[in-house]
Amino acid sequence: MSATPTTRPTVTEREARQVAEAAREQHWRKPSFAKELFLGRFRLDLIHPHPLPADEDVRRGEEFLARLRDFCETRIDSARIEREARIPDDTIQGLKELGALGMKIDPKYGGLGLTQVYYNKALALAGSASPAVGALLSAHQSIGVPQPLKLFGTPEQKETFLPRCARTDISAFLLTEPDVGSDPARLATTAVPDGDEYVLDGVKLWTTNGVVADLLVVMARVPRSEGHQGGITAFVVETASPGVTVENRNAFMGLRGLENGVTRFQGVRVPAANRIGPEGAGLRIALTTLNTGRLSLPAMCVGAGKWCLKIAREWSAVREQWGKPVALHEAVGSKIAFIAATTFALEAVVDLSSQMADEDRNDIRIEAALAKLYGSETACLMADELVQIRGGRGFETAESLKARGERAVPAEQMLRDLRINRIFEGSTEIMHLLIAREAVDAHLSVAGDLIDPDKSLSDKAKAGANAGVFYAKWLPKLIAGPGQLPRSYAEFQHGADLAPHLRYVERTSRKLARSTFYAMSRWQGRMETKQGFLGRIVDIGAELFAMSAACVRAELLRSQGDHGREAYQLADAFCRQARVRVDALFARLWNNTDDLDNKLVKNVLAGSYEWLEAGIVDPSDDGPWIADTHAPDTPRPDVRRTIPE
């Protein structure tokens with residue numbers, strides 16, 4: 001058996017970018033509302049009228065939600081999970097019996113076959129009962145074994161593993177390593193071919209569900225050799241295999257019930273039949289899986305927003321200051337208005353993106369990424385505002401509140417639990433870069449060779465000609481549009497008038513495209529280093545997408561006679577709030593401290609300001625910043641937890 005993982009590859013920044021670029025989906029075979037939005041084309045026809053699920057999907061989904069609600073109310077003890085820092089065995093077993101492990105799995109494999117819309121509604125419900133339970137279900141189905149096998153698995157693999165995942169086996173996804181996060185080019189875990197098997201060696205960090213998982217999706221590097229093209233490759237691995245050890249159950253500031261650990265592979269033999277897709281396709285499989293898998297996280301953020309709104313409403317109506325409920329004081333009322341409007345818009349974004357995923361008529365890779373980015377950021381803000389509204393009680397634990405005779409409201413826990421969402425499945429910073437790359441894809445497709453130092457003069461000349469043709473047609477269309485016509489989108493005038501907001505989105509999408517083009521012309525090859533600018537461009541696009549979704553959802557609810565007047569009010573309020581944020585982001589595109597900040601951080605790293613750190617004591621313990629992945633001389637105990645049947 002190999003005792004240590006292969007030496008970590010040494011790669012340059014350019015090589016790392018090339019690996020990431022090769023892994024992304026290169027072509028756009030279907031229309032994308034968000035992609036068009038970044039290009040200055042407001043394609044309302046792609047999302048309006050709002051797509052709807054089939055009647056049978058609704059019936060099946062609602063029936064399961066009713067059973068799941070009963071389970072959440074009677075079988076999930078959120079306080080116990082927080083107190084014991086684990087999900088009880090009987091709760092997990094109950095989820096299995098309910099069929100919750102197979103929500104997205106086809107019924108022919110023993111699953112429930114729910115649509116993406118109802119899967120997300122189920123996650124929002126389960127996550128409101130316990131964020132740790134929501135995380136377990138999401139990690140199992142959104143990025144664990146079921147999703148990549150659904151997209152890329154062979155019939156034999158589906159027959160072998162999906163029935164187990166639907167009813168009995170928990171799965172996990174393993175990519176991150178102690179020294180590898182969003183830069184997979186440096187992946188060190190190896191899978192060396194040996195006859196009809198691969199020998200797996202390496203260490204994986206932050207393996208959500210890894211402590212209780214029965215099946216793993218593992219990303220490992222296959223060395224290039226005769227008959228093997230090599231590259232990062234995906235495998236299904238049985239955790240019961242010899243050589244698999246869970247060395248540590250990690251503990252966090254939130255999600256205390258999360259079964260997250262460090263998993264070591266030492267000479268683990270994996271049948272070649274367990275390889276998902278061809279060698280070298282692992283990253284592409286991972287990214288494609290995440291295109292819809294990312295929707296699960298904002299779905300749970302929707303549930304968090306709904307809970308924050310409920311608590312804020314109930315508390316602010318009974319808590320009085322200076323002779324009236326605190327909700328009627330503007331300083332508090334504005335926070336409640338933000339929570340209500342944002343919850344409505346976030347649910348609109350998730351439901352719209354999910355239904356488009358179900359219909360599979362649009363490419364939603366940008367929409368899903370925007371939903372993840374927007375949901376994780378706004379949910380944290382809503383939870384933070386709830387803590388502020390609750391005052392000292394917001395900072396106090398639910399257990400302490402209960403001990404002194406008050407309602408046990410876990411507001412501080414919600415804030416802690418939500419914080420990881422800005423890091424999970426792509427940090428906010430990485431999401432900004434990922435979305436920005438997709439948003440400028442049309443430009444790079446026609447003019448990318450102009451700024452590529454490796455391209456020849458003839459390639460650059462050809463690119464210049466292609467760019468000239470593209471921009472001659474595209475740029476004039478950014479001058480005027482329906483957003484400048486006072487009667488545009490008149491069908492959105494019912495009580496509250498949403499038409500002006502849609503006209504604003506149309507005008508602003510053209511302004512956004514012009515700003516992006518100007519920046520590319522100005523910075524050219526240095527554009528990728530302007531991460532502050534790119535982040536603001538993406539944030540503007542996220543707000544415009546949310547505004548569009550909110551208006552379309554309000555009109556859908558009105559047409560169905562389902563709280564239409566109130567929905568229009570919420571959409572109007574959200575759009576007005578979002579417009580203020582968008583205008584501020586545009587101002588910061590060109591008026592910011594990015595260059596000054598870059599100079600300052602270089603001085604910080606050079607130690608120029610170490611004197612500023614004087615006068616404190618650092619309570620951190622000694623130890624390496626990044627753990628040594630070599631196998632310890634004394635094997636660590638396996639802390640994997642087996643859930644009894």
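## Regarding the overall build of the protein
When helices and strands are tallied, the protein shows 23 helices and 12 strands. Rg of the C-alpha trace for the protein: 25 Å, near the compact-globule value of 26 Å for 645 residues, within the 12% margin. Relative to its 645 residues, the protein shows a buried fraction of 52%. Across the protein, the 81 positively charged side chains and the 85 negatively charged ones have centroids separated by 5 Å.

## Re the side chain of histidine 140
Position of histidine 140 among the secondary structure elements: in helix α7 (residues 131-143). The residues touching histidine 140, leaving out its near neighbours within four places in the chain, are Leu101, Val145, Pro146, Cys165, Asp169, Ile170, Ser171 and Asn209.

## A closer look at the pattern of salt bridges
For the structure on display, the rule yields 48 salt bridges. For the salt bridge of glutamate 56 with arginine 59, the shortest nitrogen-to-oxygen distance reads 2.4 Å. Here glutamate 56 and its partner arginine 59 are both found in helix α3 (residues 55-75), three residues apart, which amounts to about one turn of the helix. Note that arginine 576 is salt-bridged to aspartate 572, the shortest N-O span being 3.1 Å. Of this pair, arginine 576 and aspartate 572 are both found in helix α22 (residues 564-590), four residues apart, which corresponds to roughly one turn of the helix.

## A closer look at the nonpolar core
Counting residues in hydrophobic clusters, the biggest one holds 97 residues, and the most contacted among them are Leu370 and Phe574. When residues of this core are assigned to their parent elements, the largest contribution, 16 residues, is made by helix α21 (residues 531-559). Excluding residues within four positions of it along the chain, phenylalanine 574 makes contact with Ala341, Thr342, Ala345, Tyr374, Glu543, Ala546, Met547, Ala550 and Arg581.

## So, the environment of isoleucine 232
Counting through the fold element by element, isoleucine 232 comes out in strand β5 (residues 231-238). Excluding residues within four positions of it along the chain, isoleucine 232 makes contact with Pro184, Leu187, Met219, Ala220, Arg221, Gly280, Ala281, Gly282 and Leu283.

## Brief notes about the packing of helix α11 (residues 296-318) against helix α12 (residues 330-359)
The angle between the axes and the distance between the axes are what describe a pair of packed helices. Two elements in contact, α11 and α12, have axes whose closest approach is 9 Å; the angle formed by their N-to-C orientations is 150 degrees. Between α11 and α12, the angle is such that the two are roughly antiparallel. The chirality of how α11 crosses α12 is left-handed. For the pair α11 and α12, contact is made by Pro298, Ala299, Cys301, Val302, Gly305, Lys306, Cys308, Leu309, Ala312 and Ser316 and by Val332, Ile336, Ile339, Ala340, Thr343, Leu346, Glu347 and Val350, respectively. Residue classes in the contact of α11 with α12 are distributed as 13 nonpolar, three polar and two charged.

## Quick word on the packing of aromatic side chains
Using the criterion set out here, one finds 13 aromatic pairs in the structure. Ring geometry for tryptophan 474 versus phenylalanine 517: centroids 6.0 Å apart, planes at 70 degrees, classification edge-to-face. Remark: phenylalanine 517 occurs in helix α20 (residues 499-523) and tryptophan 474 occurs in helix α19 (residues 457-474); sequence separation between them is 43 residues. Relative to tryptophan 590, the ring of tyrosine 518 has its centre 5.2 Å away and its plane inclined at 70 degrees; by these criteria the two rings are edge-to-face. Of the two residues, tyrosine 518 sits in helix α20 while tryptophan 590 sits in helix α22, which places them 72 residues apart along the sequence. Given a relative accessible area of 45%, tyrosine 518 falls into the partly exposed group.

## Quick notes on α3
Within an α-helix, residues lying three or four positions from one another point in the same direction, as the helix has 3.6 residues per turn. Under the 1.5 Å per step criterion, the end-to-end length of α3 is 30 Å for 21 residues, consistent within 8% with the ideal 30 Å. Three or more residues of α3 are buried, namely Gly61, Phe64, Leu65, Leu68, Phe71 and Cys72. The arc enclosing the buried residues of α3, seen along the axis, measures out at 125 degrees, which places them on a common side. Of the exposed residues in α3, the ones pointing more than 90 degrees away from its buried face are Asp55, Ala66, Glu73 and Thr74.

## What about the pairing of strand β3 (residues 197-208)?
The side chains of a regular strand alternate between both faces of the sheet. Among the 12 residues that make up β3, 10 are buried, leaving the element largely enclosed by the rest of the structure. Judged from the five bridges that link them, strand β2 (residues 190-194) and β3 form a sheet pairing that is antiparallel. Within β3, the residue paired with proline 193 across the bridge is tyrosine 198. Taking the residues between adjacent antiparallel strands as the criterion, β2 and β3 are bridged by two residues, where glycine 195 takes a positive phi near 65 degrees. Examined bridge by bridge, β3 and strand β7 (residues 260-271) share nine bridges and lie antiparallel to one another. Residue pairing in the sheet places glutamate 197 in a bridge with proline 271 of β7.

## A few points about the pairing of strand β4 (residues 215-222)
Burial of β4 is extensive: seven of the eight residues sit out of reach of the surface. When strand β1 (residues 171-174) meets β4, the two strands line up parallel, connected through four bridges. Each bridged residue has a counterpart across the sheet, and for alanine 172 the counterpart in β4 is leucine 216. In this structure, β4 lies alongside β5, joined through eight bridges in antiparallel fashion.

## With respect to the state of the cysteines
Think of a disulfide as a covalent bridge from one cysteine sulfur atom to another cysteine sulfur atom. Using the criterion set out here, one finds zero disulfides in the structure. This cysteine, cysteine 380, is not joined by any disulfide, and cysteine 301 carries the nearest cysteine sulfur, 7.4 Å off. For cysteine 380, a relative accessible area of 8% translates into the label buried.

## A word on the confidence of the model for the protein
Caution applies to low-pLDDT regions: their predicted coordinates should not be interpreted in detail. For the protein, the mean per-residue pLDDT works out to 92, and 96% of the residues sit at or above 70. This stretch, residues 1-6, has a pLDDT under 50; its non-local contacts, to residues over four places away or in other chains, come to 17 contacts.

## As for a nonpolar patch on the surface
Together, Leu600, Val601, Val604 and Leu605 make up a nonpolar patch on the protein surface, roughly 390 Å² of accessible area in all. For valine 601, the position within the fold is in helix α23 (residues 594-605).

## A closer look at the packing of helix α6 (residues 116-129) against α11
In contact at an axis separation of 7 Å, α6 and α11 are set at 50 degrees when each is read in the N-to-C sense. Judged by the inter-axis angle, α6 sits oblique to α11. As α6 runs across α11, the sense of the crossing is right-handed. Contacts between α6 and α11 involve Tyr119, Asn120, Leu123 and Ala124 on the former and, on the latter, Ser296, Ala299, Met300 and Gly303. Taken together, the residues that form the contact of α6 with α11 break down as five nonpolar, three polar and no charged.

Basis of the calculations
Residues numbered from 1 in each chain as written. Predicted model: local features only at pLDDT ≥ 70, side-chain atom pairs only at ≥ 80, totals over all residues. Heavy atoms only, no water. Helix = DSSP H or I, 4+ residues; strand = E, 2+ residues; numbered from the N terminus. Rg over C-alpha atoms; globule rule 2.2 N^0.38 Å. Buried < 20%, exposed > 50% of the residue type's maximum accessible area, 1.4 Å probe, protein only. Lys, Arg positive; Asp, Glu negative; His and termini not counted. Charge placed at Lys NZ, Arg CZ, Asp CG, Glu CD. Contact = heavy atoms within 4.5 Å. Salt bridge = Lys/Arg side-chain N within 4 Å of Asp/Glu carboxyl O. Core = buried A, V, L, I, M, F, W, Y, C linked by side-chain atoms within 4.5 Å. Axes fitted to C-alpha atoms, helices over the stretch in contact; angles between N-to-C directions. Parallel < 35°, antiparallel > 145°, perpendicular 65-115°, else oblique. Left-handed = near helix turned anticlockwise from the far one by under 90°. Nonpolar A, V, L, I, M, F, W, Y, C, P; charged D, E, K, R; others polar. Phe/Tyr/Trp six-rings, centres within 6.5 Å; stacked < 30°, edge-to-face > 60°. Expected span 1.5 Å × (residues − 1). Arc of directions from axis to C-beta. Pairing = 2+ DSSP bridges. Disulfide = S-S within 2.5 Å. pLDDT = per-residue confidence, 0-100. Patch = residues over 30% accessible without salt bridge, like charges linked within 9 Å, V, L, I, M, F, W, Y side chains within 5 Å. Areas by Shrake-Rupley, 256 points an atom, 1.4 Å probe, with all protein chains shown as cover.

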